[in-house]
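Residue-level structural notes
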Amino acid sequence: MPPVIKVTDLRKNYGELRAVDGVDFEISRGECFGLLGPNGAGKTTTVKMLTCALPLSGGDITVEGLSVTKDPRGIKYLLGVCPQEINLDPDFSVLKNLIVYSRYFDISYAEAKKRAEELIARFHLRDKLDRPIEDLSGGLKKRLLLARALINRPRVLILDEPTTGLDPQSRRQIWEEVRGMKSNGLTTLLTTHYIEEAELLCDRLVIMDAGRIVEQGTPKQLIEKHLGGKGNLEDVFLKLTGKHL
């Protein structure tokens, strides 16, 4: 079966700085695949190229066989994107944020309202239905971002550091939602700098540093390969990069 996402010799330059330097990986259908690395490793830049938000300096990315350089519009319809930054519209209520966003996917108002109400119930936001965004806590905003990413019923969910800045309880709530979607077979790409998050959620992952992939495999495979099965993923990361996360 061909991969859902295929990244080949991906590069991104900013002048003389190479933010992404020859990255290759594939993601299978129904897999939760992780990009693990410190800030500045190239994770978010990779995601922005995959979501057609940044042009490529070299290489290629395909999603369901479509190339980001040739069919960005087609790819955007396949993706649900939960960005690192909180970019909800502060002028709209919780409900209206979802409905207005759905219009980018040519979803009718009636269908958008139905989907929005279902997602609001699913993410326990019903009592915030008509509240302005500024009234929401950080954890609730992240839940709304995740709900928004699902409004178009995507084939691939992109989660760019979805729990950064959250308290432990809110982080675990997001993890439970992601695990539920994973159990339902949704293909997911997760970027994170949390070791525990990567170990808990990812079927496979790559370790990135300075724009390059240092290693890839399942968490168990990486621990076995580099530590003889004794230790944890954080120890593997330290051994490969010389850095703590």
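Structure report, in brief.

Rules used in this analysis
Residues numbered from 1 in each chain as written. Predicted model: local features only at pLDDT ≥ 70, side-chain atom pairs only at ≥ 80, totals over all residues. Heavy atoms only, no water. Helix = DSSP H or I, 4+ residues; strand = E, 2+ residues; numbered from the N terminus. Buried < 20%, exposed > 50% of the residue type's maximum accessible area, 1.4 Å probe, protein only. Pairing = 2+ DSSP bridges. Axes fitted to C-alpha atoms, helices over the stretch in contact; angles between N-to-C directions. Parallel < 35°, antiparallel > 145°, perpendicular 65-115°, else oblique. Left-handed = near helix turned anticlockwise from the far one by under 90°. Contact = heavy atoms within 4.5 Å. Nonpolar A, V, L, I, M, F, W, Y, C, P; charged D, E, K, R; others polar. Core = buried A, V, L, I, M, F, W, Y, C linked by side-chain atoms within 4.5 Å. Phe/Tyr/Trp six-rings, centres within 6.5 Å; stacked < 30°, edge-to-face > 60°. Lys NZ or Arg CZ within 6 Å of the ring centre and 35° of its normal.

Another point: the environment of I158. Its location among the elements puts I158 in strand 7 (residues 156-160). Since its relative accessible area comes to 0%, I158 is described here as buried. In this structure the C-alpha to C-alpha distance between I158 and I61, which are 97 residues apart in sequence, comes to 14 Å.

Taken in spatial order, the 4 strands of this open sheet run 2-1-4-5, and their pairing is antiparallel. In this open sheet, the two edge strands, each paired with only one partner strand, are strand 2 (17-27) and strand 5 (66-67). Of the strand pairs in this sheet, strand 1 (residues 5-14) and strand 2 are connected by 8 bridges, and their pairing is antiparallel. Bridge pairing in strand 2 links K6 to E26.

The backbone of C52 shows a phi angle near 70 degrees, a positive value even though the residue is not glycine. Secondary-structure assignment places C52 in the loop between helix 1 (43-50) and strand 4 (58-63). For C52, a relative accessible area of 18% puts it in the buried group. Residue D106 is not a glycine yet carries a positive backbone phi of 60 degrees. Checked against the element boundaries, D106 lands in the loop between helix 3 (94-102) and helix 4 (109-122).

We now examine the packing of helix 8 (residues 219-227) against helix 9 (residues 233-241). One can describe the packing of helix 8 onto helix 9 by two numbers: an axis separation of 9 Å at closest approach and a directional angle of 55 degrees. Considered as vectors, helix 8 and helix 9 are oriented oblique to each other. For the crossing formed where helix 8 meets helix 9, the hand is left-handed. Every residue of helix 9 that contacts helix 8 at P219, L222, I223, H226 and L227 is listed here: L233, D235, V236, K239 and L240. For the contact of helix 8 with helix 9, the residue count by class is 7 nonpolar, 1 polar and 2 charged.

We now examine the nonpolar core. By size, the foremost hydrophobic cluster in this structure holds 46 residues, and its most contacted members are L36, L144, L157, L205 and L233. Here this core gets 6 residues from one element, more than from any other, and that element is helix 5 (residues 138-149). Counting 26 residues, the second-largest nonpolar core is a separate cluster that includes I5, V7, I61 and I158.

Here a ring pair, both rings aromatic, is described through the centre-centre distance and the interplanar angle of the planes. Inspection of the entire model under this criterion finds 4 aromatic pairs. Ring centres 5.1 Å apart and planes at 20 degrees place the aromatic pair F25 and F33 in the stacked group. Taking relative accessible area as the criterion, F25 reaches 3% and is therefore assigned buried. Pairing Y77 with F105 gives two aromatic rings, centres 5.8 Å apart and planes at 85 degrees, and the pair type is edge-to-face. In this pair, Y77 sits in helix 2 (residues 72-78) while F105 sits in the loop between helix 3 and helix 4, placing the two residues 28 residues apart along the sequence. Given a relative accessible area of 31%, Y77 falls into the partly exposed group. Under the relative-accessibility criterion, F105 is labelled buried at 12%. Of the aromatic side chains, those joined through ring pairs into one cluster are Y77, Y101, Y104 and F105. Its end group placed over the ring of Y14, K12 keeps NZ or CZ at 5.4 Å from the ring centre. Between the NZ or CZ atom of R148 and the centre of the ring of Y101, over which it lies, the distance is 4.7 Å.

Turning next to the side chain of D209. Tracing the sequence through the fold places D209 in strand 9 (residues 204-209). Residue classification places D209 among the buried residues on the basis of a relative accessible area of 15%. Beyond its immediate stretch of four places on either side in the chain, D209 contacts P38, A41, V214, T241 and K243.

A separate point is helix 3. For helix 3, every residue scored as buried is listed here: V94, L95, N97, L98, I99 and S102. Residues of helix 3 that are buried in the fold lie against helix 4 and helix 5.

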